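Residue-level structure breakdown
If you want the building blocks of each chain, they are given just below.
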Amino acid sequence: KAFSDERIWNALANTLIYTGIALFFQLVLGMLIALLLDSDRKGYGFMRAVMTLPLVIPPAVTAMMFLMMLNGSFGVIAQGIIWTGLLPDNFSILGNASTAMAGVLLAEIWQCTPFMVLIMLAGLRSLPKEPFEAAAIDGATPVRAFFKLTLPMMSKVIAIAVLIRGIDLLRAFDYVKVMTDSGPGTATETLAMYIHKTTIDYLDVGYGSTLA
């Protein structure tokens, strides 16, 4: 039944798209912010501490915050985008099938990028200084040093970060449940959401367990 269920293939596709996009942005932003904060100068320790604050907020609360900020009538983010002329007046980002996933991803990326920053920062702080000093003496630019030294030496740290976040993203539920409840239609329905709906809402425990 599962293999012939079109809805599960849609949910699986949404889950993979959600995971891929969120992982890409969190990885890139996490590395960039970590590079900016990798300094012993005064005030940077405080900035590193502030970066962890979004991780303290429960995902459901974050989802409610972004649900309000993305409201087409009064949401600060939605109004800002509408003001630029990119969207029509009173446009509902979460109520439109073409933009709902982007709205949910915005909340996910905002909250979980600091986790990537912490891992990348820990990796950067543990790198030996000698290769970078030698590269600077040889005339290597910071960009070249990053691609030739930093990235190769950070490969194991990046792999661990991708593994941890990838596992978490494949279970995407909180943000989708609070912000769109899989809608509009099934535009943002992830695998975890479909399992939840099947088991809890439709009371089809057998099939829900099979999907899980």
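Whatever comes next refers back to the structure up there.
Report on the accompanying structure. All values derive from a computational prediction rather than experimental measurement. (Residues numbered from 1 in each chain as written. Predicted model: local features only at pLDDT ≥ 70, side-chain atom pairs only at ≥ 80, totals over all residues. Heavy atoms only, no water.)

Take the overall build of the protein chain next. Counting its regular elements, the protein chain contains 12 helices and 0 strands. Each helix (α) and strand (β) of the protein chain, taken in turn from the N terminus, gives the series α-α-α-α-α-α-α-α-α-α-α-α. Taking the principal axes of the C-alpha coordinates as reference, the protein chain spans close to 65 × 45 × 30 Å. In the protein chain, which comprises 212 residues, the share counted as buried stands at 37%. (Helix = DSSP H or I, 4+ residues; strand = E, 2+ residues; numbered from the N terminus. Buried < 20%, exposed > 50% of the residue type's maximum accessible area, 1.4 Å probe, protein only.)

Here helix α7 (residues 130-137) crosses helix α8 (residues 142-153) at 170°, and the two axes come no closer than 11 Å. By the criterion of interaxial angle, the relationship of α7 to α8 is roughly antiparallel. Across from Pro 131, Phe 132 and Ala 135 in α7, the residues of α8 making contact are Ala 145, Leu 149, Thr 150 and Met 153. When grouped by side-chain class, the residues that make up the contact of α7 with α8 number 6 nonpolar, 1 polar and no charged. (Axes fitted to C-alpha atoms, helices over the stretch in contact; angles between N-to-C directions. Parallel < 35°, antiparallel > 145°, perpendicular 65-115°, else oblique. Contact = heavy atoms within 4.5 Å. Nonpolar A, V, L, I, M, F, W, Y, C, P; charged D, E, K, R; others polar.)

Counting 39 residues, the largest nonpolar core has Tyr 18, Val 104, Met 120, Met 154, Tyr 175 and Met 179 as the members making the most contacts within it. Looking at this core element by element, the count peaks at 12 residues for helix α6 (residues 100-125). Leaving out residues up to four positions away in the same chain, Met 120 has contacts with Leu 27, Gly 30, Met 31, Ala 34, Met 154, Ile 158 and Ala 161. Ile 8, Tyr 194, Ile 195 and Tyr 207 belong to the second largest nonpolar core, which has 6 residues in total. (Core = buried A, V, L, I, M, F, W, Y, C linked by side-chain atoms within 4.5 Å.)

This next bit is on unusual backbone geometry. That bond from Gly 183 to Pro 184 is cis: its omega, -10°, falls within 30 degrees of zero. Mapped onto the elements of the fold, Pro 184 is located in the loop between α10 (174-179) and α11 (191-201). Of note, Asp 181 is a non-glycine position whose phi angle comes to about 50°, a positive value. Residue Asp 181 is classed as partly exposed on the basis of its relative accessible area, which comes to 33%. A positive phi angle, close to 55°, is found at Leu 203, a residue other than glycine. Within the secondary structure layout, Leu 203 lies in the loop between α11 and α12 (205-211). Judged by its relative accessible area of 66%, Leu 203 is exposed.

So, on to the pattern of salt bridges. In the structure shown here, the tally under the stated rule is 10 salt bridges. The closest approach of N and O atoms between Asp 168 and Arg 165, which form a salt bridge, is 2.7 Å. Separated by 3 residues within a single helix, Asp 168 and Arg 165 lie in helix α9 (residues 155-169), roughly one turn from each other. With relative accessibility at 4%, the residue Arg 165 sits in the buried group. Overlapping salt bridges bring together Glu 108, Arg 165, Asp 168 and Arg 171 as one network. (Salt bridge = Lys/Arg side-chain N within 4 Å of Asp/Glu carboxyl O.)

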